[in-house]
Amino acid sequence: MEEKDFVGPINEFLKQCEQSGDSAYSAFRSLLEKLEDPITRAEARIFLSHLQKRFTSKEATEDCLRTYNFRIQDIVIEQYEEDWSFTFYEGLNRHPDSIFKDKTVAELGCGNGWISIAIAEKWSPLKVFGLDINPRAIKVSWINLYLNALDENGQPIYDGENKTLLDRVEFHESDLLAYCRDRGIQLERIVGCIPQILNPNPDAMSKMITENASEEFLYSLSNYCALQGFVEDQFGLGLIARAVEEGISVIKPMGIMIFNMGGRPGQAVCKRLFERRGFHVNKLWQTKVIQAADTDISALVEIEKNSPHRFEFFMGLAGDQPICARTAWAYGEAGGRISHALSVYSCQLRQPNQVKMIFEFLQNGFQEISSSLDLSFEDDSVADEKIPFLAYLANVLKESSFFPYEPPAGSIRFRNLIAGFMKTYHHTPLTTDNIVIFPSRAVAIENALRLFSPRLAIIDENLTRHLPRQWLTSLNIENAETDQPSADVLTVIEAPRQSDLMIELIKKLKPQVVVTGMAQFEAITSSAFEHLLDTTRAIGSRLFLDISDHFELSSLPSPNGVFKYLAGTSLPSHAAIICGLLKNQVYSDLEVAFVISEEESIFKALSKTVELLEGNTALISQYYYGCILYELLAFQLADRHPSPERGCDKAETVEMIGFSSSAISVLDTAELSIDDKENSLLHMDVDQSFLPIPSPIKAAIFESFARQNMAESETDVAPSLREFIKAAYGFPSDSNTEFIYSDCPQSLFNKLVLCCIHEGGTLCFPSGSNGNYVSAAKFLKANIVDIPTESELGFKLTENALTNVLQTVKKPWVYISGPTINPTGLIYSNEEIESILSSCAKFGARVVLDTSFSGLEFNFEGWDLEDSFRKLNLDLRVCLLGGLSLKMLAGGFTFGFLVMADPCLVDELYSFSGLSKPHSTVKYATKKLLGHREQKAGNLLDAIGKQKQILGNRSKRLKETLEGCGWDVLEPCAGVSMVAKPSAYVSKIIKLDHSYKDASVYEAKIADSNIREAILRATGLCINSSSWTGIPGYCRFTVALTDSEFEKALDCIVKFKDIVF
């Protein structure tokens, strides 16, 4: 067809365009339909060529825009122009030519598509996806693409690889990266020239997005005038922040993002937007542009008025000193021209796979905490440690609905990683059964000393700071050489660390236990260690060697003489290694410790001391160091050579001190956790919730680690706890009240037991108290009195029973579990507890009020004890013990607190140092959660309310099942546990050909003493017997299991009945 053939159609086309911008758009849309059809494509392209020839000069082009509502060069239909995109293209050109070659690219906010087309023409990418939320912009982009992909005769233009632009470029309507995300398209490059929102309008996005919407709305849409829900919204950068986070999910690990950024918020703010999300940032290009005259910057002036932030403008293009928004506004109002910087940033994730995992977690219902995330690090070694941990924590919180049960010896995974590190880096073949995890080195040393209770111990002077003051002041060493001390006194002698001086003291004083470290120069070879082993063996001393200062979490650890010895020789039975882990790059105060012993009896006994005295070692702390070890092991290739045979220590050993008599008595009789290496048992014998952890708790845990530079006020839990104990119990507190924290309430309870012992007091337990607490008090050698309780009253403590006991006891300390009583699950009413406290006040008894098992009452509003305390003057006599794990159903996330007002008792408690204190991250999360409760935040309270209902229903189902199987059940009103009596089973014979526990034959006559063993062997179900509950004949069951395990537990109860009967 010749040019004259197009005159009429072109005139008709222009006549339609002249009517309005909408009409012009409709005309071009019809033309695009012809371009998309291969049959009419060439003719439509020729039509465009002739249309272009009508408007060749600049004046004609401008006249076309005014008259016909379009401009043919770049097909902008009544759009608004900015020169940002040209600056952006200049920045892209600063990259080497290989940046886009054969890459999959997305351009965000492509507008009329010219940058996408230019990238395809210059750099030959595999594919460019031009994306824009404005449907009209996408139509214009496609027209532009056909204009450039076909010549004037409508024929394809091929490049050197025999491809056209139509092969390389696509345009799609998309809210940022939604098109790619929804189709699983992985990108290697993301570029974007995205506008900033100077005055966000929350209502701007409320309309339906269609290509028939008003032009004004579509313009505002292209500029995303809505708030995006990011902290950067306050600087007008919310949209770019969202684009970056969406980009993280679709960009390949080595991918690069390139963004055009206006410098109005300040260069530091722009750069930090990327850095806090884990990017390395490189500024490619920077220039200045004149601020559009019709842009109102008064919103920025308002932000400056209400915050310390200052935006950055310049006076004209020549100005080099920044001015704030207020000054710029005044200058502009006076007729001056203001400018701002325009920069092009290239960004690449520093640890892409881990950062992707973090953001996948945040976008899975935790977007509200993304503002707290800070992955910007000046030191790469800090980033290399923290980012993998945050990724691991994010994965744990995303994939797991609860924290798993872990044995008292520590997380099996963590112990495996320690053993793997020792084998890989130090050629020391250890197993999980050689390693016990402790909250800290100080706790490990104190527990070891309490286990053996030596008359005399020599301790390295660098390791005595956290030992009880009484041990360091006693001089009762006359009977040090005997194993039968005349009094229960432990004396510690401090000694210098240098091995020759330490050995001289050991030879002279002949201690029963030695705890020492090694000087740096002695730790390189094994000779000093061997000398210590020989000396302590010769005189019968137990040796605990601390290697904390020489243990390096590094891929290139320094030589270590102890490990050289252990690589070739097994650790002698009288020796153990202590190692405190403190050398991480991020948290100087985050500690866990482990003890290595190749003597099975020592391993088991130390594990039990953790269970009795500490409750547990913080699981997340184990996760942290486990993550470091995992990264180090992933870095190292596995040694394919078999481990060399280790020699045995065959030297003669004189008789060593054994475990103390109180330790033997408790460890032999206490009903502690059952060894479960295969994790195949069902645990109805632990006070831990395995119900789904509420989302606000997961959010608080993650946020506590995601934050950097937390202010002291953000980790000060006392104000929030003060409000909590007043609201829940009416417990009074003032400026003189002391708040003491620990990883677990149990360790705080044990410090109170030591205070009771030192005061010469007697600890009074009601029959039916927590078995671990009673066993711990016995282990610590407290004087204990049992207060009788009656079955008719649900084994509750009564005023009469308490009075009868207090009349006979000097310096009584009364332990009360409430409002929820553990283990029965019953509740003390306000009146009942007031009468008990009245009796205590009458006899001047101290009271340990343990609320750590409370907070999950099915139908109970709590106590109000304020009037009772005032009337009875109990402030100085009552210690309030509590924890948040069960209250918040937080599973393995634990926090214990102790509230006390007696200054003498406070001083006494602090003399027993060595508490496993919660880390600042735990206190931050705790404060956050207490704030949720105080503000009655719906998500948390609703989740807890729902799970209380689940626990109530579980208790009813368990009661029905037990009663149907011949048990007498005491129905609970709260908490996670209940008690029942196996009346129908006593004296019955059980015979098993194949025991669940060890596949052996088992036969027994069922009694209180073996009911736990019988049920375990028959079904694999773990419960507590009457020796734990303290109630003759009654066993304890917990119900906060996962749904599947609870159902299995019910089946086990029925199965046991079927086996017996």
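Once a new chain begins, its residue numbering starts again from 1 and follows that chain's sequence as written. Predicted model: local features are reported for residues with pLDDT of at least 70 only, side-chain atom pairs are reported and counted for 80 or more only, and whole-chain, interface and lining totals are derived from all residues. With hydrogens and water stripped out, all remaining heavy atoms of the structure feed into the side-chain values.

Notes on the environment of Tyr-89
Secondary structure follows DSSP: runs of H or I at least 4 residues long count as helices, runs of E at least 2 residues long count as strands, and numbering of each begins at the N terminus. Summarising the element assignment, Tyr-89 is placed in helix H5 (residues 84–92). C-alpha separation for the pair Tyr-89 and Glu-275, spaced 186 residues apart in sequence, amounts to 23 Å.

Describing the confidence of the model for the chain
The predictor attaches a confidence to each residue, and that confidence, scored 0 to 100, is pLDDT. Summing up the model confidence of the chain, the mean pLDDT is 87 and the portion of residues at 70 or higher is 92%. The low-confidence segment residues 74–81 (pLDDT under 50) makes 27 contacts with residues lying over four places distant or belonging to another chain. Here, residues are in contact when the closest pair of their heavy atoms is within 4.5 Å. Here residues 213–226 scores under 50 on pLDDT; set against residues more than four positions off or in separate chains, the count is 43 contacts.

A closer look at unusual backbone geometry
Here the residue pair Gly-818 and Pro-819 is connected by a cis peptide bond, since its omega of 0 degrees sits within 30 degrees of zero. Along the polypeptide, Pro-819 turns up in the loop between strand S20 (812–817) and helix H32 (830–842). Here Asn-822 and Pro-823 are connected by a cis peptide whose omega angle stands at 25 degrees. The topology assignment puts Pro-823 in the loop between S20 and H32.

Structural notes on the sheet that holds strand S21 (residues 846–850)
A sheet is described by the order of its strands in space; here seven strands give the open sequence S17-S23-S22-S21-S20-S18-S19, paired in mixed fashion. Both outer strands of the open sheet, strand S17 (738–742) and strand S19 (783–787), are each paired with one neighbouring strand and no more. On average, adjacent strands in this sheet sit at an angle of 20 degrees to one another, irrespective of strand direction. Here four bridges tie strand S22 (residues 878–883) to strand S23 (residues 896–900), and the two strands are oriented antiparallel to one another. When the sheet's bridge partners are listed, Gly-883 is paired in S23 with Gly-896. For helices, the fitted axis covers only the stretch in contact; all axes are lines through C-alpha atoms, and the angles between them, taken along N-to-C directions, range from 0 to 180 degrees. Seen against the sheet, helix H30 (residues 771–779) touches strand S18 (762–766), S19, S20, S21 and S22 and runs at an angle of roughly 160 degrees to S18. Any two strands between which DSSP finds at least two bridges are classified as paired.

Some thoughts on the environment of Glu-161
Mapped onto the elements of the fold, Glu-161 is located in the loop between helix H7 (135–149) and helix H8 (165–168). Exposure classes here rest on a 1.4 Å probe applied to the protein chains alone. A residue is buried below 20% of its type maximum, exposed above 50%, and partly exposed in between. Overall, Glu-161 belongs to the partly exposed group, its relative accessible area being 36%. For the pair formed by Glu-161 and Ser-124, sequence separation is 37 residues and the distance between their alpha carbons is 8.7 Å. Engagement of the side chain of Glu-161 in a polar contact is seen with the side chain of Lys-101, the distance being 2.3 Å. Think of a polar contact as two N or O atoms within 3.5 Å of one another; within protein, one of them needs to be a possible hydrogen donor and the other a possible acceptor, and neighboring residues in sequence only count if both atoms come from side chains. There is a polar contact of 2.8 Å between the side chain of Glu-161 and the side chain of Arg-168.

Describing the packing of aromatic side chains
Each Phe, Tyr or Trp ring (for Trp, its six-membered ring) is paired with any other whose centre lies within 6.5 Å, and the angle between the two planes then decides the class: stacked below 30 degrees, edge-to-face above 60, tilted in between. Overall, the coordinates contain 48 aromatic pairs when judged by the stated rule. Judged by centre distance (5.3 Å) and plane angle (50 degrees), the rings of Phe-452 and Phe-659 are tilted. Of this pair, Phe-452 sits in helix H18 (residues 441–452) while Phe-659 sits in the loop between helix H25 (619–635) and helix H26 (661–669), placing them 207 residues apart in sequence. With a relative accessible area of 23%, Phe-659 lands in the partly exposed category. Members of the aromatic cluster, connected to one another through ring pairs, are Phe-6, Phe-13, Phe-28, Phe-47, Phe-55, Tyr-68 and Phe-70. The residue whose ring lies beneath Arg-136 is Tyr-25, and the NZ or CZ to ring-centre distance is 4.5 Å. Directly above the ring of Phe-1046 sits Arg-954, whose terminal nitrogen or CZ lies 4.6 Å from the centroid. To sit over a ring, a charge needs its Lys NZ or Arg CZ within 6 Å of the ring centre and within 35 degrees of the ring normal.

Observations concerning the pattern of salt bridges
Charged atoms that come close allow side chains of opposite charge to pair. Salt-bridge detection follows one rule: a side-chain nitrogen of Lys or Arg within 4 Å of a carboxyl oxygen of Asp or Glu. In total, this model carries 38 salt bridges according to the counting rule given. Of the charged contacts, one joins Lys-398 and Glu-360 as a salt bridge, the two residues approaching to 3.3 Å between their closest N and O atoms. Here Lys-398 is found in helix H16 (residues 380–399), whereas its partner Glu-360 is found in helix H15 (residues 352–362), with 38 residues between them in sequence. Judged by relative accessible area, Lys-398 falls into the partly exposed class, the value being 28%. Here Glu-600 and Lys-604 are joined by a salt bridge, their closest N and O atoms 3.1 Å apart. Taken together, the residues Glu-600 and Lys-604, both in helix H24 (residues 600–614) and four residues apart, mark about one turn of the helix. Classification of Lys-604 as partly exposed rests on a relative accessible area of 44%. Taken together, the shared-partner salt bridges connect Asp-175, Arg-181, Asp-182, Arg-242 and Glu-246 into one network.

Structural notes on the nonpolar core
In plain words, nonpolar cores are sets of buried Ala, Val, Leu, Ile, Met, Phe, Trp, Tyr and Cys residues tied together by side-chain atoms within 4.5 Å. By size, the foremost hydrophobic cluster in this structure holds 213 residues, and its most contacted members are Phe-702, Trp-967 and Phe-1037. Counting 67 residues, the second largest nonpolar core, distinct from the first, contains Val-443, Trp-471, Phe-749 and Leu-754.

Regarding helix H27 (residues 695–706)
Helix span, expected: 1.5 Å multiplied by one less than the number of residues in the helix. Look at H27: 16 Å from first C-alpha to last across twelve residues, which is about the 16 Å you get at 1.5 Å a residue. Counting buried residues in H27 gives eleven out of twelve residues, a clear majority hidden from the surface. Regarding H27, the residues found buried are Pro-696, Ile-697, Lys-698, Ala-699, Ala-700, Ile-701, Phe-702, Glu-703, Ser-704, Phe-705 and Ala-706.

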